[in-house]
Amino acid sequence: MLRRIAFVAVCFLFICARIDAQAQKPAERSYVLKAARLFDGKNDSLATPGLLVVTGGRIVAVGPSAQIPPGAEILDLGDSTLLPGFIDAHTHLTSPYSDDYKQEQLNRLQKTVAERALDASVIARITLMAGFTTVRDVGSWDYLDVGLRNAIRNGDVPGPRMLVSVHALGSTGGHCDVQSGFKEGVFGHEAGPLEGVINGPELARYAVRLDHKYGADIIKVCASGGVLSPTDDVDTPQLTQEELNAIVDEAHALRRKTAAHAHGAEAAKRAIRAGIDSIEHGSFLDDQALDMMKQRGTYLVPTLMAIEGLEEKMDRGVYMPPAIAAKARAATNALHQTFQRALAKGVKIGLGTDAGVYPHGRNAEEFHQMVDLGMKPIDALKAGTSTDADLLGLADNIGTLEPGKFADVVAVPGDPTQNIRQTEHVFFVMKEGVIYKNEKPAAAH
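Residues numbered from 1 in each chain as written. Predicted model: local features only at pLDDT ≥ 70, side-chain atom pairs only at ≥ 80, totals over all residues. Heavy atoms only, no water.

**Comments concerning the nonpolar core**
Counting residues in hydrophobic clusters, the biggest one holds 84 residues, and the most contacted among them are V221, I279, F367 and M370. It is helix 10 (residues 322-345) that provides the largest number of residues to this core, a total of 7 residues. Not counting the four nearest positions on each side in its chain, V221 is found in contact with L169, L239, L244, I247, A259, A260, H261 and I276. Of all hydrophobic cores here, the second largest spans 17 residues; its members include L52, I59, L75 and L401. (Core = buried A, V, L, I, M, F, W, Y, C linked by side-chain atoms within 4.5 Å. Buried < 20%, exposed > 50% of the residue type's maximum accessible area, 1.4 Å probe, protein only. Helix = DSSP H or I, 4+ residues; strand = E, 2+ residues; numbered from the N terminus. Contact = heavy atoms within 4.5 Å.)

**Regarding the pairing of strand 1 (residues 30-35)**
With 5 of 6 residues buried, strand 1 is to be regarded as a mostly interior element. Where strand 1 meets strand 5 (residues 73-76), 4 bridges bridge the pair, whose relative direction is parallel. In the sheet register, Y31 faces strand 5, and the bridge partner there is E73. (Pairing = 2+ DSSP bridges.)

**Regarding the pattern of salt bridges**
Under the defined criterion, the tally for this structure stands at 24 salt bridges. Two residues, R136 and E280, come together in a salt bridge whose shortest N-O distance is 2.8 Å. In this pair, R136 is assigned in strand 8 (residues 132-137) and E280 in strand 12 (residues 278-281), connecting sequence segments 144 residues apart. Per residue, the accessibility class of R136 equals that of E280, and both read buried. A salt bridge links E402 to K405, with the shortest nitrogen-to-oxygen separation between them at 3.3 Å. It is possible to trace a salt-bridge network through shared partners that takes in R205, R209, D249 and E250. (Salt bridge = Lys/Arg side-chain N within 4 Å of Asp/Glu carboxyl O.)

**Some details on the sheet that holds strand 13 (residues 299-301)**
Backbone-to-backbone hydrogen bonds pair the strands of a sheet. The strands run either parallel or antiparallel. Here we have 4 strands laid out as an open sheet, ordered 10-11-12-13, and parallel in their pairing. The sheet is open, and its two borders are formed by strand 10 (218-222) and strand 13, each paired with just one other strand. Averaged over neighbouring strand pairs, the angle between their axes works out to 25° when direction is ignored. Summarising the sheet, strand 12 and strand 13 pair through 3 bridges and their orientation is parallel. If you follow I279 over to strand 13, its bridge partner there is L300. (Axes fitted to C-alpha atoms, helices over the stretch in contact; angles between N-to-C directions.)

**Quick look at the side chain of S80**
Within the secondary structure layout, S80 lies in strand 6 (residues 80-84). On the basis of relative accessibility, which here comes to 0%, the residue S80 falls in the buried class.

**Examining the packing of helix 3 (residues 113-129) against helix 4 (residues 144-153)**
Relative to each other, helix 3 and helix 4 sit at 50°, their axes nearing to 10 Å. One element, helix 3, and the other, helix 4, form an angle in the oblique class. Crossing of helix 3 against helix 4: the hand is right-handed. Contact residues: helix 3 offers V113, R116, A117, A120, S121 and A124, while helix 4 offers L144, L148 and I152. The class makeup of the residues in the contact of helix 3 with helix 4 is 7 nonpolar, 1 polar and 1 charged. (Parallel < 35°, antiparallel > 145°, perpendicular 65-115°, else oblique. Left-handed = near helix turned anticlockwise from the far one by under 90°. Nonpolar A, V, L, I, M, F, W, Y, C, P; charged D, E, K, R; others polar.)

**Let's talk about the packing of helix 8 (residues 287-296) against helix 10**
Interhelical geometry of helix 8 versus helix 10 gives an angle of 40° and a closest axis separation of 10 Å. When the interaxial angle is binned, helix 8 and helix 10 end up oblique. As helix 8 packs across helix 10, the resulting crossing turns out to be right-handed. Facing helix 8, whose interface residues are D287, L290, D291 and K294, helix 10 presents T338, R341, A342 and K345. Its residues placed into classes, the contact of helix 8 with helix 10 shows 2 nonpolar, 1 polar and 5 charged.

**Details of the side chain of K405**
Here K405 shows up in the loop between helix 12 (377-392) and strand 14 (409-413). Of the polar contacts made by the side chain of K405, one reaches the backbone oxygen of A395; its length is 2.7 Å. Of the polar contacts made by the side chain of K405, one reaches the side chain of T400; its length is 2.7 Å. Not counting chain neighbours up to four residues away, the residues in contact with K405 comprise R58, I59, A395, D396, N397, I398 and T400. (Polar contact = N/O pair within 3.5 Å; in protein donor to acceptor, adjacent residues only side chain to side chain.)

**Some remarks on unusual backbone geometry**
Cis geometry marks the peptide bond from T48 to P49; its omega dihedral reads -10°. Along the polypeptide, P49 turns up in the loop between strand 2 (37-38) and strand 3 (50-55). One non-glycine residue, Y143, lies in the positive phi region at around 60°. Within the secondary structure, Y143 sits in the loop between strand 8 and helix 4. The partly exposed category is assigned to Y143, whose relative accessible area is 31%.

**Some thoughts on the pairing of strand 6**
Burial within strand 6 is extensive, with 5 of its 5 residues counted as buried. Residues S80, L82 and P84 line one face of strand 6 and the alternating positions T81 and L83 line the opposite face, and both faces are buried. Pairing geometry for strand 6 and strand 14, over 5 bridges, is antiparallel. Residue T81 lies in a different strand from strand 14, and its bridge partner there is V412.

Dropping the structure here:
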């Protein structure tokens, strides 16, 4: 009897807590955000002063003449700039960063799925606190990305909105074959379509359908070799034209966008011909590939922070297998020039960082990487907001500060168009009307 009474009491308290939580849901509240400036994500200049009205998790008004709802909480963020929540189009939130190459490989084999899921939940929070309210996650294992996305979406874990790929698709022995580098037989079977490894157009279609079946929002392919994979050259094509055609055709038929890891020019051109939506990295793209991208509207996501992370490791003498170190140096030497040529040709450039290759939470450093290579600060801000929203197919809801869109808002000190590195000092984060961070610096009055 006592157990039954205790059970009923617990249930009653749970129901009351649920009712109270529903009554007090932050998304139903109204806020007025004030700041010295506002970047709406699309214009070439900042609005002054900045004022934003949020109700029910969405933006309802922008600008000093906006009507203030009765009972709204007014937050004066002082000498700062309001911006749309940042977007990172190339992350690996389920891959913790490590300086130790060998230990990282061992962790993948020794850590349980549950432990890796908990690691990923910590990374998700770090990413959100850095101002990134949306990410595209382009490669994971054991459905960790699906679970993390769902936990964030359900409000169980704080983190950015996630679009996930389940398994990146590639060839046997290629960059996306997670068994590469281990002796034959270690895993008990050769990786196949269920793990994202394909050989031939029909298996390619099957793998897309499997990713879709198990929760993919996007389809990621490895069209070329990679820097960190142990069994390939960085720039060699790894999928045939027919395989890429099948992948992109099937993905688009399922209304899924596609992204191609492609360092090499030939691999990129095959992906572009297939109709890929974005080229990731693009270290060795030639002028023909860039012209094809410009003509077809293919986005480049250059992941400059990945190169920065690798350079930092090499400068500190951190161990890498010699073959991987050589590939890292080659990609580093090429990518900056490729970025500048893409910029000069007017190729669409989105912001993506390859988070996990460098320590998570430093995503916003990609802004200054792009500016240092010649991009205008206002265009870099667009790359990480409205341009990425277009790339991800989410422009109806995110990427700009406009009425009707999700209230994804960040604030940084001062004026980021004068000092782009202010984006690395996000002190206010709101996602869908919920405030996750509000640490106004003492200097901002």
